[in-house]
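Close look at the chain arrangement
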Amino acid sequence: MKKLVIIPAYNECGSILKAVEDIRTHAPGFDYVVINDCSTDGTLDICRKYGLNHVNLSVNLGIGGAVQTGYIYARQNDYDLAVQFDGDGQHDAAYLESMAEVLCGTGSDMVIGSRFIEKEGFQSSGLRRVGIRYFSFLIRLLTGKQVTDPTSGMRMVNRDVIGIYAGSYPKDYPEPESVTAILRMKKKVTELPVVMKEREEGTSSIGGFRSVYYMIKVTLAVLMERLRR
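To start, this report covers the structure provided alongside it. A quick note: this is a predicted structure, and the numbers were derived from the prediction, not measured.

**A word on the environment of P150**
- Among the secondary structure elements, P150 is positioned in the loop between α5 (126-143) and β6 (155-158).
- Given the relative accessible area of 0%, P150 is considered buried.
- In this structure the C-alpha to C-alpha distance between P150 and R133, which are 17 residues apart in sequence, comes to 8.7 Å.
- Those residues within four positions of P150 in sequence are excluded, and the remaining contacts are I132, F135, S136, I139, R155, E175 and P176.

Listed below in structure tokens is the structure:
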């Protein structure tokens, strides 16, 4: 089975090498690809200096475009499963084999690493947890399915969903919208408890007034996804 880790990276020069080394050490059965989203720091230099497998985007596509590039790479290289993995040090590669076992063993189309099943490790800020619970409620209202961590960027998909996401993927704050889309397609989504860490380097793209934009934008996107289907 061919397994790929997709690492979208924008200005992650302080943590990208550690993320790759984590995968090499704790998930040696996985290949990886760093999608450098036109970083303005030394991320590309790190990839070149240490010979990291990477795709360099000549324009900044945002998180959605970077992740979709990874899915296109996975489809073109005939991978059986692919998993998103943050380059900022929050995710732990020790969970990847367990996620693959759950994906294959349960016949799931997606496995999400959830912070909120056992509630261990970094739980995000109080305000963000309120937003996450809101999106969880909205997704359940629209699909009838419970997703405890709809904003988790640690998610593994099978070959079928790789093809779906390679063809179409939300561009901006994509996680809640993308999981809603496949739930509406009657795909099976399973969650696995994981422990996440605080971001080690850089800053989040969601903060201040952008958090208000985020809530409104994602709500409208999820509702539009419901209308399209």
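Moving on from the coordinates now.
**Things to note about the packing of helix α3 (residues 62-76) against helix α6 (residues 159-167)**
- Two elements in contact, α3 and α6, have axes separated by 8 Å at closest approach and are oriented at 130 degrees. Taken together, the axes of α3 and α6 lie oblique to each other. In this structure, the crossing between α3 and α6 has a hand that is left-handed. Residues Q68, Y71, I72, A74 and R75 of α3 pack against I162, G163, Y165, A166 and G167 of α6.
- When the residues that make up the contact of α3 with α6 are grouped by side-chain class, the tally is six nonpolar, three polar and one charged.

**Some words on the side chain of S152**
- Structurally, the position occupied by S152 is in the loop between α5 and β6.
- Here G113 takes part through its backbone oxygen, which lies 2.7 Å from a polar atom of the side chain of S152.
- Leave out the neighbours within four places in its chain, and S152 touches I112, G113, R115, E175 and M196.

**Some details on helix α1 (residues 16-26)**
- Residues I16, L17, A19, V20, D22 and I23 constitute the buried set of α1.
- The inward-facing, buried residues of α1 contact β1 (3-9), β2 (31-36) and α2 (43-49).

**Notes on the packing of aromatic side chains**
- Taken as a whole and assessed by the stated rule, the structure comprises four aromatic pairs.
- When the centroid spacing of 5.8 Å and the interplanar angle of 50 degrees are considered together, the rings of Y71 and Y169 count as tilted. Taken as a pair, Y71 in helix α3 and Y169 in the loop between α6 and α7 (175-184) lie far apart in primary sequence, 98 residues in all.
- Judged by relative accessible area, Y169 falls into the buried class, the value being 4%.
- Considering the side-chain rings of Y134 and F135, the 5.3 Å spacing of their centres and the 55 degrees angle between planes classify their relative orientation as tilted.
- Ring pairing ties together the aromatic residues Y71, Y165 and Y169, which thus form one cluster.
- The positively charged end of K2 is found above the aromatic ring belonging to Y79, 4.6 Å away from the centroid.

Criteria and thresholds
Residues numbered from 1 in each chain as written. Predicted model: local features only at pLDDT ≥ 70, side-chain atom pairs only at ≥ 80, totals over all residues. Heavy atoms only, no water. Helix = DSSP H or I, 4+ residues; strand = E, 2+ residues; numbered from the N terminus. Buried < 20%, exposed > 50% of the residue type's maximum accessible area, 1.4 Å probe, protein only. Contact = heavy atoms within 4.5 Å. Axes fitted to C-alpha atoms, helices over the stretch in contact; angles between N-to-C directions. Parallel < 35°, antiparallel > 145°, perpendicular 65-115°, else oblique. Left-handed = near helix turned anticlockwise from the far one by under 90°. Nonpolar A, V, L, I, M, F, W, Y, C, P; charged D, E, K, R; others polar. Polar contact = N/O pair within 3.5 Å; in protein donor to acceptor, adjacent residues only side chain to side chain. Phe/Tyr/Trp six-rings, centres within 6.5 Å; stacked < 30°, edge-to-face > 60°. Lys NZ or Arg CZ within 6 Å of the ring centre and 35° of its normal.

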